Amino acid sequence: MKTLPEPPAAVPAPADVPLTAEELQLGARNHAMPLEMLAIDRSPAGMHYLLIHFDVPVIDAGSWRLRIGGAVRRPLEFTLAQLQAREQRTLAVTLECAGNGRSLLKPRPIGQPWLHGGVGTAEWTGTPLAPLLEEAGVEPDAVDIVFTGADRGIQGGEEQDYARSLPVSEALSPDVLLAYAMNGAPLPPQHGFPVRLVVPGWYGMASVKWLAGIEARTRPFTGFQQIQSYCYKTDETDPGEPVTRMKVRALMVPPGIPDFLTRHRLVDSGPVLLHGRAWSGRAPIQRVQVAVDGVWSDARLDAPEGEFAWRGWSFHWQAEPGEHELMCRAVDALVRIQPQEPEWNWLGMGNNAVQKMAVTVRTAR
Ligand SMILES: Nc1nc2c(c(=O)[nH]1)N[C@H]1C(S)=C(S)[C@@H](COP(=O)(O)O)O[C@H]1N2
Ligand SMILES: [Mo]
């Protein structure tokens, strides 16, 4: 008789090994935003990054219902048309996966193998969640609102629906949306059709896709995606601090042209406009700086385009022939800065270390 394989550990140990086939499989399913798309303010669906834990559920919009229940005075149920008939709001929101930058850590935590591209900004249209919760009448002793997706799978040996919670006070924020459109079109299947949560300022895991149910709870939610994953853990046994809002970060459009395989950049000498985007989930962007060969200068900031969307920046570089290293970093209004080197943690969360890019400058012909 064959013995079954050992169930996977809740969290696989970080490794120094080359990329595994499993990570490649995840990386191919969940694509990054190509960094040249930092040049446009709104990421088209198809360019916006994707993170899908299990399978994309196929949902019939006609029979879909959203249920609001648990510790509420009046459980409610909505059709898509009923949600669309309510107050409508559109917000430009930068979403970033909490694991963005994971594969730049050494040793490498095993999971979705992001480099820098786990980010995007779209215009999300939907109805604010707060009035719905007020109509349902969340009981005063409720502590968490749990959002459950229609996708189901196994992670850390535990079968689960994808589910995340927000503290009641955060769920009642006027900016949290039940979104049914992305960049003016119905949500594509991969981004949560027919309705997803959008929680501006938070790392992406909070914005539950394929929303099926909303439940008020009088005890803290202890689902896998809440307390096992998405925590800053020092090691396997550390419960860690929960991952919440996005840390401050700037990224740069890679200048010049790439080498196909290595993506190493080749730039013509002379004036080069370096540009990119910067964001923080906690406070407005105050400053962006660019370094050429370790010497930092201030970049110019574009006008802000909404409280929750990334901010454009640019910097004029006089490129001299030779090998150079470019870096960029941002500071937010709470004077949070980016670490020069990654801050390692067990699950590879929130790596907002300064982006570094090697470029070869050739004499312009
Ligand atoms: N139901 C459900 N919601 C989900 C996820 C998921 O796997 N299932 N992934 C989360 C994570 S980790 C991120 S980073 C964002 C990604 O949103 P996007 O794919 O629209 O960019 O969705 C979040 N919402
Ligand atoms: Mo994520």
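Conventions and cut-offs
- Residues numbered from 1 in each chain as written.
- Chains lettered and ligands numbered in written order.
- Predicted model: local features only at pLDDT ≥ 70, side-chain atom pairs only at ≥ 80, totals over all residues.
- Heavy atoms only, no water.
- Near = heavy atom within 4 Å.
- Polar contact = N/O pair within 3.5 Å; in protein donor to acceptor, adjacent residues only side chain to side chain.
- Areas by Shrake-Rupley, 256 points an atom, 1.4 Å probe, with all protein chains shown as cover.
- Nonpolar A, V, L, I, M, F, W, Y, C, P; charged D, E, K, R; others polar.
- Helix = DSSP H or I, 4+ residues; strand = E, 2+ residues; numbered from the N terminus.
- Buried < 20%, exposed > 50% of the residue type's maximum accessible area, 1.4 Å probe, protein only.
- pLDDT = per-residue confidence, 0-100.
- Contact = heavy atoms within 4.5 Å.
- Pairing = 2+ DSSP bridges.
- Domains from an automatic or database assignment.
- Buried area = accessible area lost by both parts, 1.4 Å probe.
- Salt bridge = Lys/Arg side-chain N within 4 Å of Asp/Glu carboxyl O.

> How do you make sense of the site of ligand 1 when you look at a structure like this?
Taken together, 19 residues lie around ligand 1, and His53, Asp151, His191, Arg196 and Lys209 are the ones closest in. Measuring from an oxygen atom of ligand 1, one finds a side-chain N or O atom of Lys209 at 2.5 Å. Relative to its free-state accessible area of 530 Å², ligand 1 is covered by the protein chains to the extent of 100%. In terms of residue class, the shell around ligand 1 is built from 10 nonpolar, 6 polar and 3 charged.

> Please explain unusual backbone geometry as it appears in this structure.
Most peptide bonds adopt trans geometry, and most residues besides glycine take a negative phi value. Following Lys106, the chain continues into Pro107 via a peptide bond in cis, with omega recorded as -5 degrees. Within the secondary structure, Pro107 sits in the loop between β3 (89-96) and β4 (119-128). Cis geometry marks the peptide bond from Phe193 to Pro194; its omega dihedral reads 5 degrees. Among the structural elements, Pro194 can be located in the loop between β8 (185-186) and β9 (196-198). The backbone phi angle of Tyr230 is positive, close to 50 degrees, even though this residue is not glycine. Among the structural elements, Tyr230 can be located in the loop between α5 (224-228) and β11 (231-232). Phi angles above zero are rare outside glycine, and Asp293 is one such case at about 50 degrees. Accessibility expressed as a relative area gives 41% for Asp293, which makes it partly exposed.

> Even after reading the chapter, I still don't get the confidence of the model for the protein chain, so can you show me in this structure?
Low pLDDT means the predicted atomic positions in that stretch should not be read closely. Taken residue by residue, the protein chain gives an average pLDDT of 96. The fraction at 70 or more is 97%. Here residues 1-8 is a poorly scored stretch, pLDDT under 50, and it has 2 contacts once near neighbours within four places are set aside; other chains count.

> When you look at the sheet that holds strand β21 (residues 322-332) in this model, what are you seeing that I'm missing?
Strands pair in a sheet through their backbones, by hydrogen bonds, and they do so in one of two ways: parallel or antiparallel. Within the open sheet, the 6 strands sit side by side as β14-β15-β22-β21-β17-β18. Their pairing is mixed. At either margin of the open sheet sits one strand with a lone partner, and together these are β14 (257-258) and β18 (295-298). Sheet topology places β14 next to strand β15 (residues 265-268); 2 bridges connect them, and they run antiparallel. Residue pairing across strands places Ile257 opposite Leu266, the latter belonging to β15.

> What is the right way to look at the domain arrangement of the protein chain in this model?
Many analyses report the size of an interface as the accessible area lost when the parts associate. By the assigned domains, the protein chain splits into domain 1 (21-242) and domain 2 (249-362). For domain 1 and domain 2, the distance between their C-alpha centres works out to 27 Å. Taken together, the 41 residues of domain 1 in the interface contact 24 residues of domain 2. Together, Leu38, Leu105 and His116 form the three largest contributors to the area buried by domain 1 at its contact with domain 2, with a combined 21%. Linking domain 1 to domain 2 there are 2 salt bridges. Close ionic contact of Arg42 with Glu305 constitutes a salt bridge, the shortest N to O distance being 3.8 Å. One can count 12 residue pairs in polar contact (both at pLDDT 80 or more) joining domain 1 with domain 2. Elements represented by at least two residues in the side of domain 1 that touches domain 2 include exactly β3, β4 and β11. Sort the elements by how many residues they give to the side of domain 1 that touches domain 2 and β3 lands first, with 5 residues.

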